[in-house]
Amino acid sequence: YKVAWPLEVLFAKELMNVYNQIFTFLLQVKLAKWCLTEIYVGRYRGYCGKDPVKLHKLFLLKAKLLHFVSCLNHYLLTRVIMNLNRLSMDWTGVGFLLFEVIMNVN
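Okay, so let's go over this structure. Model, not experiment: these values are computed from the prediction.

This brings us to the overall build of the protein chain. When you go through the protein chain residue by residue, the secondary structure sums to five helices and zero strands. Shown N-terminal to C-terminal, the secondary structure of the protein chain runs as helices and strands in the order α-α-α-α-α. By residue count, 18% of the 106 residues in the protein chain fall in the buried class. Excluding contacts between residues fewer than 6 apart, the proportion of contacts in the protein chain whose partners are at least 24 apart in sequence is 70%.

Bringing the nonpolar core into the picture now. Ranked by size, the top nonpolar core spans five residues in total: Leu26, Val29, Leu36, Val69 and Leu76. Of all the secondary-structure elements, those providing two or more residues to this core are helix H2 (13-38) and helix H4 (52-92). Per element, the largest residue contribution to this core is three residues, and it comes from H2.

Along the chain, Asn73 falls in helix H4. Overall, Asn73 belongs to the buried group, its relative accessible area being 4%. The contact partners of Asn73, leaving out residues within four places of it in the chain, are Leu26, Val29, Lys30 and Lys33.

Moving on to the side chain of Lys62. Assignment of secondary structure puts Lys62 in helix H4. For the buried Lys62, which has no salt bridge, the nearest side chain bearing the opposite charge is Glu38, at an N-O separation of 8.6 Å. Leaving out residues up to four positions away in the same chain, Lys62 has contacts with Leu36, Thr37, Ile39 and Val41.

Here the focus is the environment of Val41. In this structure, Val41 sits in the loop between H2 and helix H3 (45-48). When the C-alpha atoms of Val41 and Leu55 are compared, they prove to be 7.9 Å apart, with 14 residues separating the residues in sequence. Residue contacts for Val41: discarding those within four places in its chain leaves Leu55, Leu58, Phe59 and Lys62.

What follows is about H2. With 26 residues, H2 extends 37 Å between its outermost C-alpha atoms, agreeing within 8% with the 38 Å of an ideal straight helix rising 1.5 Å per residue. Along H2, the residues classified as buried are Leu15, Tyr19, Leu26, Val29 and Leu36.

Residue position: Trp34 is located in helix H2. For Trp34, a relative accessible area of 51% gives the class exposed.

Reading the values: the criteria
Residues numbered from 1 in each chain as written. Predicted model: local features only at pLDDT ≥ 70, side-chain atom pairs only at ≥ 80, totals over all residues. Heavy atoms only, no water. Helix = DSSP H or I, 4+ residues; strand = E, 2+ residues; numbered from the N terminus. Buried < 20%, exposed > 50% of the residue type's maximum accessible area, 1.4 Å probe, protein only. Contact = heavy atoms within 4.5 Å. Core = buried A, V, L, I, M, F, W, Y, C linked by side-chain atoms within 4.5 Å. Lys, Arg positive; Asp, Glu negative; His and termini not counted. Salt bridge = Lys/Arg side-chain N within 4 Å of Asp/Glu carboxyl O. Expected span 1.5 Å × (residues − 1).

It is worth stressing that arrangement in space is one thing and function is another; only the former is reported here.
Below, the structure written as structure tokens:
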């Protein structure tokens, strides 16, 4: 992937590789969250037979997995991405915010 002109000035190639890896993982977490949200456990009644305990365990497993993936997604968005933004400013030696650059250009 070739970075466009304004971004290649602000971000080094190594930093863009780090961002690429993190956002790829974030997309995988989002896909897992979407899959868990969209799955309908009730359709697996045939596999559980007439045993409501097994079906209940499937519902609980879905709820626990969805809770874990949602918390992981929230953590990645709020803690990791924000800290990575601060770190990237240190790595590039840029001590200003991106909107300040945009305001100075205009």
